[in-house]
Amino acid sequence: MFAQTALRQRCAKWLIATGLFLLLGACVDKPSTLERVKEDGVLRVITRNSPATYFEDRNGETGFEYELVKRFADDLGVELKIETADNLDDIFASLGQPSGPVIAAAGLVSSEKRKLEARFSHPYLEVTPQIIYRNGKSRPTDAKDLVGKRIMVLKGSSHAEQLAELKKQYPALQYEESDAVEVVDLLRMVDEGQIDLTLVDSNEVAMNQVYFPNVRVAFDLGDARDQRWAVALGDDNSLLNEINDFIDKVQKNGTLQRLKDRYYGHVDVLGYVGAYTFAQHLQQRLPRYEKHFRTSAKDEQVDWRLLAAIGYQESMWQPAVTSKTGVRGLMMLTQRTAEAMGVSNRLDPQQSIKGGAKYFMYMKSQLDDDIEEPDRTWFALAAYNVGSGHLDDARKLAKQEGLNPNKWLDVKKMLPRLSQKQWYRKTRYGYARGGEPVHFVANIRRYYDILTWVTQPQLEGSQVADSNLHVPGVDKTKPTEQAPQL
Ligand code: BLG
């Protein structure tokens, strides 16, 4: 009896001691990655500097990956700190560093080889690898046509892996891997004929098409693949689980779709011809009016590149344009708008730009307070084009359809209805060419994106000569056209 009690007591002591030990163990255990991020109040992310991922403009940081990862940091309630790497190998190497970045958000796709270097999140964007060639040269149509061509890809990229795989089948295949270039450089090199071919993802091609009028898609090499964020190897799932929940959430609530729409949804707006023309006009026409855009933008507190984008959509930066309906000038003001904005001569580019800027900001100030940026800008643009009455009609239709009247994505679906009798007869302001503001906004967004990229501070001062614009693929030595006669 006595022996049994003693044994029980000893067991109890042992259990308590073990419990304490385990408890102590838990206390001194390293915090999980997620806990560390929250404690530090900073989410460190590594990416690449490119238009499809991350870049800085005068308004600050931007890019598809940036916007997505910023929302994740906001959800966690921490500050986002972005670092950029020169090549993909460095991105993966930095993930394992003790005080390094915890997420790589750089348009990465997973592969068997990469799974040895990192763990990957749920997917957020589907892309297809595409072989790119120069217009006018013979078009490769399948893998065997790549043999004998000068091909370059990013060092350490999934595309390099693809080519390595292909080389097993076609041993004569040659390609270079470079870590001194970004995707934009590869496309420029094809555009300028320095290399024959490159292999890049479809989203990058679509985004950059406008800068490189000669680049063409030859064919898709392989199936579509998913882009994912990467985290360090190991068995700490805290951050990865949180990321996956976030990606699932933005997929479900439409945020991801809105971002795709913002960055990739309007990429085909210009087409090859439009892209080439725009690149020419950037060099030849914009410099004449840039100072007026900048001055009016400063006066009205709006981004000058947005004004310039409106001006391009309206008149292709030609001050003497008149529409069939008598709307005139670089910013296409109606007589009524011009009078209201104090414009005495609509054909004077300086006055037109000033009047347009004032009118745009006025339209913006008239919008409901519940419409938030960036939708607020798209709504103000639509109102600039179709008038605020018709825009309100489209918002009411959206509400009736159970859509969100404060979201551009929803209201733009309703605007074309304003030209169909069954719909417009029920509205307050009646018929309008409702399709026009939809194209108007899509085009301006595209021009604005391009202007944002070509005027970013990193490019200014380096490749920039006489104007503040860097336009890859456009020969600055060509004579500029004559100013249109007023
Ligand atoms: C806009 C006016 C709005 C006006 C709408 O028309 O012009 N915007 C400006 O003057 C800046 O004020 O709204 S309203 O006052 O509530 O009626 C609707 O009338 C100009 C638009 C019209 C459009 N471009 C700016 O975007 C245009 O020129 N259409 C002509 C097309 S075509 O070539 O004649 O077919």
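First, a word on what this report is: a plain description of the structure on this page. Bear in mind the structure is a predicted one, so any value in this text is a computation, not a measurement. (Residues numbered from 1 in each chain as written. Predicted model: local features only at pLDDT ≥ 70, side-chain atom pairs only at ≥ 80, totals over all residues. Heavy atoms only, no water.)

Throughout the structure, instances matching the rule amount to 27 salt bridges. One salt bridge in this structure joins Glu192 and Arg188, with 3.6 Å as the shortest N-O distance. You can call Glu192 partly exposed: its relative accessible area is 41%. With its nearest N and O atoms 3.7 Å apart, the salt bridge here joins Asp226 to Arg228. (Salt bridge = Lys/Arg side-chain N within 4 Å of Asp/Glu carboxyl O. Buried < 20%, exposed > 50% of the residue type's maximum accessible area, 1.4 Å probe, protein only.)

Moving on, we come to empty space enclosed by the protein. Throughout the structure, instances matching the rule amount to three cavities of 30 Å³ or more. Its volume calculated, the largest cavity comes out at about 160 Å³. Residue assignment for the lining of the largest cavity shows that the elements contributing at least two residues are strand S5 (103-109), strand S9 (151-154), helix H5 (158-169), helix H6 (183-191) and strand S11 (197-201). Per-element accounting of the lining of the largest cavity gives the leading share, four residues, to S5. Broken down by class, the residue content of the lining of the largest cavity amounts to 10 nonpolar, five polar and four charged. Each pocket or cavity is described by its volume, and for the second largest cavity that value is around 60 Å³. Along the walls of the second largest cavity sit Arg48, Asp86, Asn87, Leu88, Leu154, Lys155, Ser178, Asp179, Val181 and Glu182, which together make up its complete lining. By residue class, the composition of the lining of the second largest cavity is three nonpolar, two polar and five charged. (1 Å grid on protein atoms, 1.4 Å probe; cavity = no way out; pocket = protein on both sides within 12 Å on 5 of 7 lines; lining within 4 Å. Points joined across faces, edges and corners; volume = space filled by probe spheres on them. Helix = DSSP H or I, 4+ residues; strand = E, 2+ residues; numbered from the N terminus. Nonpolar A, V, L, I, M, F, W, Y, C, P; charged D, E, K, R; others polar.)

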